[in-house]
Amino acid sequence: MTVTHSKAGAPSTSGPVVRLLRLVVTFDNARTLALIAVVWHYSFRWGRTIKADGVVGVLRRFRTTLLRQLFRIMMLIPSNRRRVEREMSMAVNDVAKSLMPPTTVATVREMPAHGHDLPWVTQQLENLMLLGGHGESDGRHVYLDGHVSGAVYHGGEALNRVMVETIERFLLTNPLHPEVFPGLRKMESEVVSMVLRMYHAPEGAAGTTTSGGTESIMMACLAMREWGRHERGITQPEIVVPVSAHVAFDKAGHYFGMTVRRIPVDKKTRKVRLDLVQRAINANTVLLVGSAPNFPDGIIDDMVSIGALAKRYGIGCHVDACLGSFLVPFLEPAGFLAEPFDFRVEGVTSISCDTHKYGFAPKGSSIVMYRTEKLRRFQYFVSADWVGGVYASPTLAGSRPGALIAGAWAVMMTMGYDGYLQSCREIVGAAQTIARRVREEIPELYVLGQPLVSVVAIGSAGKLNIYDVGDQMSRRGWHLNAISGDAPAFHIACTRLTVPVVDRFIADLKESVQHSHSRPSKAGTMATVYGLHTTTPVAPILLNEMAARFIDTMYKLAP
């Protein structure tokens, strides 16, 4: 190449390569390249969405987004905003009445200047324990009488005494300091080991305790996010979950910056549609999810097929067994129909199990398990350069209540395999009796899918408003869970407390159906809230606001 020189003798910068660069690297060309990069990025992004949701699904999402934007614009009009605010305030006031019932117990707004003696504190605790949500003289009877769906997993008074004694002994312990509390460390590792064996984990499997099912699920999602980042360089991780999977997966997506793709279930079987699961998988997918069983209608997803897909694409597969916990491992030994769900299923890489549900441990106790120790490490937080010293924690919390871990250990030691087997027989037996009697004795209703565990979801077989039936059950003292989506329903999650009141449940359900036939009323909470959810795309905006105000109300003091 010939180099020319300027008059001063310096090399000239007007060579052919430089001239070519000047022609190519122009402002217009740079702008064009930037535009191409943006189009390329969003084409891939929307391409993945269209592949997962289909054209119809994308158009439906666009319609919903458009209607919600129009609603927000309408709310800029003062008269509309005042009307919605008025209705919202009325609804929140109703909530406040149920959360803050009239009571003679004094409201404490600030710390007392001088501490009270033990008899005074004990009396206040007794008064607060007896406080009912609807003016009952003793609020405990609502759940001790077996009229609450799930929520209270009562193992019996004998187990309660075991927990109380254990919690008293380990009240001040903290697993953050295993060198100070070696006995607690031993119990925690043994609880994890027992649950791993219960779920047929292979050699080398590992797990940790958590504060509950939500944290267990979030840890599994976090682990796969970090796995995707370290092993595959994925910076925009995605999770593929059934619409019936627990909302904790959405919470994980919200906190950890993961896209959650919700997949419809089959209208008859209520299991996730595998063809749509496969369609949703792309280069950013790090985790597939199934439930054993799911919360809405108690159905176990086809984990064998989901696991096979995960193995085929080399990604994670999580089984949410938080609700199934200490029931699904005992279905087959108890003589009930069972479906594969645990680590014996190829492709399953993690499982969540709540010890505080049908394991009867103190509330705030769950386990997340992994097929390998390497996967578990992806959920850890470790900092070696903090000025306060080396800091390492296995889960979200730093300090944790050791008493709850000790309580879980003590309950499992007390119950044993035979105790949980008998518990499964009783609870699942009650659920199957309810399902059978609804099918045989109440033609106006139907049972969603073929539930195998403790949850029975009930829908309307005709024109009957199922949410009105739910409100009629509420007036008869039942606290049931409303289910929205493609099949409006409510469900009952059976517990030990449900077992002796199955006949009462069926009798009240028959009366509620007849009452809804003759004098339907949509004034109840279930019909109002969940009926709204099924009628308009903008309803989630209102319901989100109502839910936020509900949380606000939980922290308000009575006037």
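The name given to the chain in an unreviewed UniProt entry is sphinganine-1-phosphate aldolase, with the source organism recorded as Malassezia pachydermatis. Database annotation for the chain, UniProt heading Sequence similarities (unreviewed entry): "Belongs to the group II decarboxylase family. Sphingosine-1-phosphate lyase subfamily." In its Cofactor (unreviewed entry) section, the UniProt entry covering the chain states "pyridoxal 5'-phosphate".

Novice: So what's going on with the packing of aromatic side chains? Residues and values would help.
Specialist: How two aromatic rings sit relative to each other is given by the distance of their centres and the angle of their planes. Tallied over the entire structure, the rule returns nine aromatic pairs. Look at Phe330 and Tyr420: their rings are 6.2 Å apart centre to centre, the planes differ by 35 degrees, and that puts the pair in the tilted class. Taken together, the residues Phe330 in the loop between β5 (316–320) and β6 (350–353) and Tyr420 in helix α13 (residues 402–441) connect sequence positions 90 residues apart. For Phe330, a relative accessible area of 2% corresponds to the buried category. Using a relative accessible area of 3% as the deciding quantity, one classes Tyr420 as buried. A connected cluster of aromatic rings, assembled from ring pairs, spans Phe326, Phe330, Phe360, Tyr417 and Tyr420.

Novice: Lay out empty space enclosed by the protein with the relevant residues and their values.
Specialist: Counted by the stated rule, this structure contains one cavity of 30 Å³ or more. Taken together, Tyr143, Gly146, His147, Val148, Gly150, Val152, Thr495, Leu497 and Thr498 make up the full set of residues lining the largest cavity. Residues of the lining of the largest cavity, tallied by class, amount to four nonpolar, five polar and no charged.

Novice: Account for the UniProt feature "modified residue: N6-(pyridoxal phosphate)lysine" (unreviewed entry) in the chain, naming residues and giving values.
Specialist: This chain's UniProt record puts "modified residue: N6-(pyridoxal phosphate)lysine" (unreviewed entry) on Lys357. Judged by its relative accessible area of 17%, Lys357 is buried. With near-sequence residues (within four places) excluded, Lys357 lies in contact with Tyr153, Cys322, Leu323 and Ser325. Among the polar contacts listed, one links the side chain of Lys357 to the side chain of Asp354, at a separation of 2.5 Å.

Novice: Can you tell me about helix α11 (residues 303–313), naming the residues and giving the values?
Specialist: Within the sequence span of α11, burial applies to Met303, Ile306, Gly307, Leu309 and Ala310. Take α11 and look down its axis: the buried residues cluster within an arc of 155 degrees, on one side only. Residues Lys311 and Arg312 are exposed on α11 and point more than 90 degrees away from its buried face. The inward-facing, buried residues of α11 contact α10 (274–280), β4 (285–291) and β5. In the stretch just after α11, Gly314 is the one whose phi turns positive, near 70 degrees.

Novice: Report on the environment of Ala158, specifying residues and quantitative values.
Specialist: Residue placement: Ala158 occurs in helix α6 (residues 157–169). When the C-alpha atoms of Ala158 and Val411 are compared, they prove to be 10.0 Å apart, with 253 residues separating the residues in sequence.

Novice: Report on the sheet that holds strand β3 (residues 259–263), specifying residues and quantitative values.
Specialist: An order of β1-β7-β6-β5-β4-β2-β3 is seen for the seven strands of this open sheet, with the pairing classed as mixed. The sheet terminates laterally at β1 (206–210) and β3, the two strands that pair on one side only. Looking at each pair of strands side by side, their axes are set apart by 20 degrees on average, direction ignored. Strands β2 (238–242), β3, β4 and β5 of the sheet are contacted by helix α9 (residues 248–256), whose axis makes an angle of about 155 degrees with β3.

Novice: Please provide a residue-by-residue account of the packing of helix α7 (residues 182–198) against α13, values included.
Specialist: Any two packed helices are characterised by how steeply their axes cross, that is the angle between the axes, and by the distance between the axes. Direction vectors running N to C along α7 and α13 enclose 50 degrees, while the axes themselves pass 9 Å from each other. It follows that α7 is oblique to α13 by the angle criterion. Read as a crossing pair, α7 and α13 show a hand that is left-handed. Packed against α7, whose contacting residues are Leu184, Met187, Glu188, Glu190, Val191, Met194 and Val195, the element α13 presents Gly402, Ile405, Ala406, Ala408, Trp409, Met412 and Met413 at the interface. Residue composition of the contact of α7 with α13, grouped by class: eleven nonpolar, one polar and two charged.

Novice: Go over the pattern of salt bridges, please, and point to the residues and values.
Specialist: Summed over the entire model, instances satisfying the criterion amount to 24 salt bridges. We note a salt bridge from Lys271 to Glu339, for which the minimum N-O separation is 2.8 Å. In this pair, Lys271 is assigned in the loop between β3 and α10 and Glu339 in the loop between β5 and β6, connecting sequence segments 68 residues apart. Looking at Glu339, the relative accessible area reads 25%, which means it is partly exposed. Ionic pairing is found between Arg273 and Asp275, a salt bridge with its closest N-O pair at 2.8 Å. Since its relative accessible area comes to 34%, Arg273 is described here as partly exposed. Among the charged side chains, a network of salt bridges with common partners joins Lys267, Arg270, Asp297 and Asp486.

Novice: Run through the sheet that holds strand β10 (residues 445–447), naming residues and quoting values.
Specialist: One open sheet holds the four strands; their spatial order is β10-β11-β13-β12, and the pairing between them is antiparallel. In this open sheet, the two strands that pair with only one neighbour each are β10 and β12 (481–483). Here the average twist between neighbouring strands, direction ignored, is 30 degrees. Where β10 lies against strand β11 (residues 455–460), three bridges are found, and the strand directions are antiparallel. By the bridge assignment, Tyr446 is partnered in β11 with Gly459. Its contacts with the sheet place helix α14 (residues 466–475) against β10, β11, β12 and β13 (489–493), and it is angled at close to 40 degrees to β13.

Thresholds applied
Residues numbered from 1 in each chain as written. Predicted model: local features only at pLDDT ≥ 70, side-chain atom pairs only at ≥ 80, totals over all residues. Heavy atoms only, no water. UniProt positions renumbered as here; feature names shortened; annotations may be inferred. Phe/Tyr/Trp six-rings, centres within 6.5 Å; stacked < 30°, edge-to-face > 60°. Helix = DSSP H or I, 4+ residues; strand = E, 2+ residues; numbered from the N terminus. Buried < 20%, exposed > 50% of the residue type's maximum accessible area, 1.4 Å probe, protein only. 1 Å grid on protein atoms, 1.4 Å probe; cavity = no way out; pocket = protein on both sides within 12 Å on 5 of 7 lines; lining within 4 Å. Points joined across faces, edges and corners; volume = space filled by probe spheres on them. Nonpolar A, V, L, I, M, F, W, Y, C, P; charged D, E, K, R; others polar. Contact = heavy atoms within 4.5 Å. Polar contact = N/O pair within 3.5 Å; in protein donor to acceptor, adjacent residues only side chain to side chain. Arc of directions from axis to C-beta. Pairing = 2+ DSSP bridges. Axes fitted to C-alpha atoms, helices over the stretch in contact; angles between N-to-C directions. Parallel < 35°, antiparallel > 145°, perpendicular 65-115°, else oblique. Left-handed = near helix turned anticlockwise from the far one by under 90°. Salt bridge = Lys/Arg side-chain N within 4 Å of Asp/Glu carboxyl O.

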